[in-house]
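Structure assessment
Read off the chains here:
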Amino acid sequence: MDAGAAGAAGAGATGRLYGVGLGPGDPSLITVRAAELIGKADVVAYHSARHGRSIARSIAERHLTGGQIEEKLVYPITVETTDHPGGYRGALDDFYEEAAARLAAHLDAGRDVVVLAEGDPFFYGSYQHMHKRLAHRYPTEVVPGVTSVSAAAARLGQPLTEAEETLTVIPGTLPEEELTARIASADSAVIMKLGRTFPAVRRALERAGRLDDAQYVERAFLPGERTAPLAEVDAETVPYFSVAVLPSKVAPLEPEVRLADGLGSVTVIGTGPAGPLWLTPEARGALAAATDLVGYTTYLDRVPVRPGQQRHGSDNKVESERAEFALDLARRGHRVAVVSSGDPGVFAMATAVLEVACEDAYRDVPVRIVPGMTAAHAAASRAGAPLGHDYAVVSLSDRLKPWDVVAKRLRAAAEADLVLALYNPGSQSRTTQVGRARDLLLEYRAPETPVVMARDVGGPTERVRTVRLAELDPTQVDMRTILLIGSSQTQAVERGNATEVVWTPRRYPEA
């Protein structure tokens, strides 16, 4: 890479800047290009702590000539305690500016400068701070190195990713809640910068349900190297040069062998109203961790296929049978994810699973509910804020309850002047419910009351529009549509570009 070559053209006989990756620690893992540059450099620079020892220099030592200028870039601080007026970050910024100035002096004198970087220069490396300050001024080349991530996987002898899996690299210095969310949503992951962060990382792995999968690698390809299941590692023994690894989930063994380890579990997962963009990190992680996916085939099709994961699709009208099937799998040691659209607790699979799970035969099977974005909230976000005040959620389906009950609840909500979110408004076999609900509500609501008609929110055929209650056409409504009926206070206001937004004030007028 010649990031600064164009800018340096014609600027005189300046030296060249090289950021040279040294790999994870074993000198034999230095690339041929890196070794050549180190041996030819006029100046070799490397970072070190205040004790003066430099791991980077020790890795590159066999390639030093003895006649080169060595620039030791000694960090002023190594922990976030300082009396610098700019705090920890201010102290480091001053240090990097001073170090860059020292290297610039050599470059201006025509000397080639190699900055040694453990691992890869652009992967959490100290070299990048020199690069940002100097590469636009001098011809520059960066030589990649073997990262600690690759080194850790090699020492574990386990693949990091396979097929369509993704790899997430997470700094252990993140807040614990953020660590938990990132870990939960990852297929495979490597957590860097352990040391004093190890207790929080371990707790995050446990909260995300990934502790049993986590492996620990310390000082890969260096003296004192150690690998172990992370759950067995004593926090007091963990140095900064260590990583936690969540390897590929594609099992090396057949599922029957892999699952014969006792009682499994059932997790009922809300996938939101549409595709992956609506998944929470917790839901994404729970789906990835499952050995089996169970659900209505249409909803299963929204979940990416993962090697080694079994999928069990069924019709939309067999909820109890689906729940019993999932619980039976869990009793045989499978980790089962029951897939539900929207939120599983809103007219969805959580109730069906819990109803069966409370039978004597399944009381010992662990069941967990993972929430998801509801259809009502997704539709409301597209229209504005129609659910900004009190509202009621009612299913218009009379398949599981008589219409008299539906009508009674609609009337009660209308009398209370609640905004209404109407689920399951119509289908091929139910064609009268929307019209009957509209006529009932018109007894309590003005004809111009805003109605949000939202179909396939988040999907490829999404359509959201606002009509007036008196104009609500039942033929325009199907099972993929949700209706949001405004209260007496709900506003529909046209803004720029003829866009109409719907919102319900949070303040209700006094009688």
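No experiment lies behind these values; they were computed from the predicted model shown. Numbers given to residues run from 1 along each chain, matching the order in which its sequence is written. Confidence filtering applies because this is a predicted model: local features only for residues at pLDDT of at least 70, side-chain atom pairs given and counted only at 80 or more, and all residues used for totals across whole chains, interfaces and linings. As a rule here, side-chain values come from all non-hydrogen atoms in the structure, and water together with hydrogens is ignored.

**Regarding the sheet that holds strand S13 (residues 310-314)**
What makes two strands pair is DSSP finding at least two bridges between them. A run of H or I in DSSP counts as a helix once it spans at least four residues, and a run of E counts as a strand once it spans at least two, with each numbered from the N terminus. With parallel pairing, five strands are arranged side by side in an open sheet as S13-S12-S14-S11-S15. Each having just a single partner strand, S13 and strand S15 (367-370) make up the two edges of the open sheet. The mean inter-strand angle of the sheet, taken between neighbouring strand axes irrespective of direction, is 20°. For strand S12 (residues 292-296) and strand S14 (residues 335-340), the ladder comprises four bridges, and the chain directions are parallel. Paired with Val-294 across the bridge in S14 is Val-338. Two residues form a contact once any of their heavy atoms are found within 4.5 Å. Between N-to-C directions, angles cover 0 to 180 degrees, with each direction set by a line fitted to C-alpha atoms, over the stretch in contact for helices. The strands that helix H12 (residues 319-331) touches are strand S11 (265-270), S12, S13, S14 and S15; relative to S12, the one it contacts most, it runs at about 175°.

**Some details on the pattern of salt bridges**
One side chain can pair with another of opposite charge once the charged atoms of both are near each other. Put simply, a salt bridge is a Lys or Arg side-chain nitrogen that is within 4 Å of an Asp or Glu carboxyl oxygen. Enumeration over the complete set of coordinates arrives at 27 salt bridges. Between Glu-176 and Arg-203 there is a salt bridge whose closest N-O contact spans 2.9 Å. Pair noted here: Glu-176 is in helix H7 (residues 176-184) and Arg-203 is in helix H8 (residues 198-207), with a separation of 27 residues, a long-range link. Categorising residues by exposure relies on relative accessible area from a 1.4 Å probe, with only protein chains included: less than 20% of the type maximum marks a residue as buried, more than 50% marks it as exposed, and the intermediate range marks it as partly exposed. On the accessibility criterion, Glu-176 (23% relative accessible area) is partly exposed.

**Side note on the sheet that holds strand S16 (residues 384-385)**
In spatial order, the strands read S16-S23-S22; together these three strands make up an open sheet with mixed pairing. The sheet is open, and its two edges are formed by S16 and strand S22 (491-494), each paired on a single side. As paired strands, S22 and strand S23 (residues 500-503) are joined by four bridges and run antiparallel to one another. Pairing of Val-493 across the sheet is with Val-501, part of S23.

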